[in-house]
Amino acid sequence: MATNLLSYLAMSDGDAFNVRDRAMFENLGWHLSRLPKDAKVIVWCATVHAVKAPRSNSTDVPMGALIHAALKDRAAAVGFSALSGRFGRPGKPATTLDLASPESLEGRALAGYDSDIHYLDRQQLESFGTIVARALNYRKPEPAAWATLLDGILVLREEQPQR
């Protein structure tokens, strides 16, 4: 708890993302050290924290990159995104998403499908190459070679915030 408090206080130094993600990684290590070696663990977090490599235009090192450096191919990063809908945090008003363009990863993932959700594996992400998506920032879609950041992505037709 003391280590977490120190991490929280260090966030005021202006490097909050890296401090937070390092603390999340260290917390995961603490939990893993108490489990059997062959235990399987799912870490549920925002996609921006799960990616397995830093983005090329950023100095942020996400928790997922630290996990992948430590566990190599024993870890997988699966992200989430949405074609449309709303997102938000408890106690705050929801923000409406603009409909993603048909050329975006979200648009192409759901084109020709009637389902409300579609999973793209790493090979499918590789086939898209560099493509615009909002998986890391719903307010500002960005181009990326998503197969270098994620092993898969679940694309929702319409996201809704929890009530």
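Keep in mind it's a predicted model, so treat the numbers as computed, not measured.

Peer 1: Looking at this model, I keep getting lost on the environment of Ala 65. Mind explaining?
Peer 2: Position of Ala 65 relative to the elements: it lies in helix H4 (residues 63-71). Once the C-alpha coordinates of Ala 65 and Leu 149 are considered, the two residues, 84 residues apart in sequence, prove to be 8.8 Å apart.

Peer 1: Is there a simple way to explain the sheet that holds strand S3 (residues 117-121) in this structure?
Peer 2: The strands making up a sheet associate through backbone hydrogen bonding, with each pair oriented either parallel or antiparallel. Strand order in the open sheet formed by four strands is S2-S1-S6-S3, and the pairing between neighbours is mixed. Edge positions in the open sheet fall to strand S2 (95-97) and S3, since each of these has one partner strand only. Each neighbouring strand pair of the sheet contributes to a mean axis angle of 35°, computed without reference to strand direction. In this sheet, strand S6 (residues 152-159) lies alongside strand S1 (residues 78-87) in parallel orientation, the contact comprising seven bridges. Note on S6: the bridge partner recorded for Gly 79 is Ile 153.

Peer 1: Teacher, can you tell me more about the packing of aromatic side chains here?
Peer 2: The description of an aromatic ring pair rests on the distance of the ring centres and on the angle between the ring planes. Evaluation of the coordinates by the stated rule reveals two aromatic pairs. Their ring planes at 45° and their centres at 5.3 Å tell us that Trp 44 and Phe 80 sit as a pair that is tilted. On the criterion of sequence distance, the pair formed by Trp 44 in the loop between helix H2 (16-32) and helix H3 (47-50) and Phe 80 in strand S1 is long-range, its members being 36 residues apart. Relative to Tyr 138, the ring of Phe 87 lies with its centre 5.2 Å away and its plane at 70°, an arrangement referred to as edge-to-face. In this pair, Phe 87 sits in strand S1 while Tyr 138 sits in the loop between strand S4 (130-133) and strand S5 (142-145), placing the two residues 51 residues apart along the sequence. Neither residue differs from the other here; Phe 87 and Tyr 138 are each classed as buried.

About the thresholds
Along each chain, residue indices are assigned from 1 in the same order as the chain's sequence is written. At least 70 in pLDDT is required for a residue's local features to be given in this predicted model, at least 80 for side-chain atom pairs to be given and counted, and no such filter applies to totals for whole chains, interfaces and linings, which use all residues. As a rule here, side-chain values come from all non-hydrogen atoms in the structure, and water together with hydrogens is ignored. Secondary structure counts use DSSP, requiring at least four H or I residues in a row for a helix and at least two E residues in a row for a strand, with both numbered from the N terminus. Note: two strands are recorded as paired if DSSP finds a minimum of 2 bridges between them. Note on geometry: axes are lines fitted to C-alpha atoms, helical ones only across the stretch in contact, with angles between N-to-C directions running from 0 to 180 degrees. Paired rings are identified among Phe, Tyr and Trp, the last through its six-membered ring, by centres lying within 6.5 Å, and are further divided according to the angle between planes into stacked (under 30 degrees), edge-to-face (over 60) and tilted (the rest). Exposure is judged per residue with a 1.4 Å probe applied to protein chains only, and the accessible area is read against the type maximum: over 50% gives exposed, under 20% gives buried, and values in between give partly exposed.

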